[in-house]
Amino acid sequence: MPNTTTILKARWLLPMSPGSSVLDHHALVMQGERIAAVLPWAQAEAQYPDATRVELGEHVLIPGLINGHTHSAMSLLRGVADDVPLMDWLNNHIWPLEKKWVSDDWTYQGSLLSACEALRGGVTYLNDMYFFPAAMARAAIDSGVRAGVSINVIDFPTGYAANAAEYIAKGLEAYEQFKNEKLLDWTSAPHAPYTVSDETFVHLRDLRDRLNLQMHCHIHETQFEVDESVKQHGMRPLERLNKLGLLDERMMAVHMVHLNEAEIAMLAKQRVHLVHNPNSNMKLASGVCPVTALEEAGVNTILGTDGAASNNRQDMFGEIRAAALLAKGVTQNSTTVSARTALEMATIRAAKAMGREADLGSLEVGKLADVVAVSLSALECRPVYNPEAQLVYVAGREHVSDVWVGGRRVLQDRVLTQVEQADVLDRIEHIVAQMQAQR
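In this report, we go over the structure that sits alongside the text. (Residues numbered from 1 in each chain as written. Predicted model: local features only at pLDDT ≥ 70, side-chain atom pairs only at ≥ 80, totals over all residues. Heavy atoms only, no water.)

Comments concerning the sheet that holds strand β11 (residues 184-190)
Selection criterion: Any two strands between which DSSP finds at least two bridges are classified as paired. Secondary structure elements follow DSSP: runs of H or I no shorter than four residues count as helices, runs of E no shorter than two count as strands, and numbering proceeds from the N terminus. Only the contacting stretch of a helix is used when fitting its axis, a line to C-alpha atoms as for every element, and angles between N-to-C directions run 0 to 180 degrees. Residue contacts are defined here by distance: any two heavy atoms, one from each residue, within 4.5 Å place the two residues in contact.
With parallel pairing, eight strands are arranged side by side in an open sheet as β8-β9-β10-β11-β12-β13-β14-β15. Since the sheet does not close on itself, it has two edges, and those belong to β8 (65-70) and β15 (300-303), each with one partner. Each neighbouring strand pair of the sheet contributes to a mean axis angle of 25°, computed without reference to strand direction. As paired strands, strand β14 (residues 273-276) and β15 are joined by four bridges and run parallel to one another. Residue pairing in the sheet places H273 in a bridge with N300 of β15. In the packing of helix α5 (residues 164-178) onto the sheet, contacts are made with β10 (146-153) and β11, and the angle to β10 comes to roughly 155°.

Set out below in structure tokens:
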């Protein structure tokens, strides 16, 4: 993109860098894809007199939100199997539908729908886990969202691959095709301990280390999973993964609902990142991640939505609010998971988990200009005493007006700029009509 200079002027700016606080009447200056300055309004205009100006009024500027765990293509399964337990949901609903319908185009269209939903909700980065990674890569590029794309592996046949070797081969083929795309990162992504063998875990560990990738895996999601691991392996899943050498700063462990004190201490010691999915875990009745204990131990905890088939909203504002309120309700401690902490879980902490803290997660000079403007002018958002708390306890994704990814405006006055929303919806309706006709 051209090396243009743009000044974003908003009533408030929340950098989210360590130790930072809300800045009043400050501007963010973008040059090309990066942040050039964060200055008071008058100083920014004096220093950059020829810059393009975007006047945002009663808005707060925040870093782009990072969704630490989702299955983007599963937006096409939103609402197909509600109010059932996880294993019933998987075995009797989701996996049969996926086996029948999942294809490259199906994955692309569902991923594009999720990317559009993400951007309209202030999310500039999706850490995805699904089949047909090349389709997810194309959807991210076409929409303008960043994505962590997965080399996803599960040890049974699907419509995508027949065995672990084929999953890995196809994932590596997509990686080689798209590895130089600026918007994309890649993860080594074993599905879960109950669907992946020791041999496959070791292979994916070695792949992770060789390609310098993060690892992305569902772990300790249900008590049933933990109990079955003890029966089959003589140990809990985390102990098994630790023995296989998977638990370190490259592991993003998703869900982690059922943990004991020793496991929490081990996670902290080995610098594992934990992805908390409060709404999905509540909806599937999996339990509640012990976030307060994790915070006290110093574990880097971030937030994700999970897929739209289990949540059903890919709404990071909803996850931020749920994380703060759920921790308070469970512990009966109103000081745990403050508004600031909840926001960090979706920004600077999440960037660290993805290995991208040098470029993403905060509004600092030199970082990529992934910026979200949230309007606090609406009646339901007034009055504003504390913009930081207002983002967590009052504002919602519907108050996101504009989004920039790498300095490119991908949402303007709630209208997507890179794709035609009507075309996306038309294609989705066609796919859903086919699916419903054959159910």
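A short note on the pairing of strand β18 (residues 408-412)
When strand β17 (residues 400-405) meets β18, the two strands line up antiparallel, connected through three bridges. Across the sheet, the residue bridging to V405 is R408, located in β18. If you look at the hairpin formed by β17 and β18, you'll find two residues sitting between the two strands, and G406 has a positive phi there, around 55°. Where β18 folds back onto strand β19 (residues 415-416) in an antiparallel hairpin, the turn is made up of two residues, including D413, whose phi is positive at roughly 50°.

Describing the layout of surface pockets
Threshold: A pocket, in this scheme, is an open set of points on a 1 Å grid over the protein atoms alone with protein on both sides within 12 Å along at least 5 of 7 lines, while a cavity is a set where a 1.4 Å probe fits but cannot get out; residues line either one if an atom lies within 4 Å of a point. Grid points are joined across faces, edges and corners, and a volume is the space filled by probe spheres set on the points. Residues are grouped as follows: Ala, Val, Leu, Ile, Met, Phe, Trp, Tyr, Cys and Pro are nonpolar; Asp, Glu, Lys and Arg are charged; all remaining types, including Gly, are polar.
Computed from the structure, the largest pocket encloses a volume of approximately 390 Å³. Lining the largest pocket are 22 residues, with E33, R146, K182, L183 and V405 sitting closest to its centre. Sorting the residues of the lining of the largest pocket by element identifies α4 (133-143), β11 and β18 as the ones contributing at least two each. The biggest single contributor to the lining of the largest pocket is α4, with three residues. Of the residues assigned to the lining of the largest pocket, the class counts are seven nonpolar, five polar and ten charged.

Observations regarding the sheet that holds strand β16 (residues 371-375)
Pairing within the open sheet is mixed, and its seven strands lie in the order β3-β2-β7-β16-β17-β18-β19. Of all strands in the sheet, those bounded by a partner on one side alone are β3 (23-24) and β19. Here four bridges tie β16 to β17, and the two strands are oriented antiparallel to one another. Residue pairing in the sheet places V371 in a bridge with W404 of β17.

Quick word on the side chain of T5
The condition that has to hold: Pairs of N or O atoms within 3.5 Å make up the polar contacts considered here, provided that, within protein, one atom can donate a hydrogen while the other can accept it, and that residues adjacent in sequence are counted only when both atoms are side-chain atoms.
Checked against the element boundaries, T5 lands in strand β1 (residues 5-9). At a separation of 3.2 Å, a polar atom in the side chain of T5 contacts the side chain of Q31.

Some words on the nonpolar core
To be explicit about the condition: Nonpolar core, defined: a set of buried Ala, Val, Leu, Ile, Met, Phe, Trp, Tyr and Cys residues in which side-chain atoms within 4.5 Å join the residues together. With a 1.4 Å probe rolled over the protein chains alone, any residue whose accessible area is under 20% of its type maximum counts as buried; one over 50% counts as exposed, and the rest are partly exposed.
In terms of nonpolar packing, the biggest core is built from 118 residues, with W89, W106, L184, W186, M251, L267 and V374 touching the most fellow members. In terms of residues, this core owes the most to one element, helix α3 (residues 104-120), which gives eight residues. Discounting residues that sit within four places of it in the chain, M251 has contacts with M215, C217, I219, L246, V272 and H273. Counting residues in hydrophobic clusters, the runner-up holds 14 residues, among them L28, L56, L363 and A373.

Some details on the packing of α3 against α4
Where we set the bar: For any helix crossing, the convention is left-handed if the near helix is rotated counterclockwise from the far helix by under a right angle, and right-handed if that rotation is clockwise.
The interhelical angle for the contact between α3 and α4, taken along N-to-C directions, is 40°, at an axis separation of 8 Å. The element α3 and its partner α4 pack so that their crossing is right-handed. Mapping the contact onto sequence places D104, T107, Y108, S111, L112, A115 and L119 in α3 and A135, M136, R138, A139, D142 and S143 in α4. Across the contact of α3 with α4, the residue classes break down as seven nonpolar, three polar and three charged.

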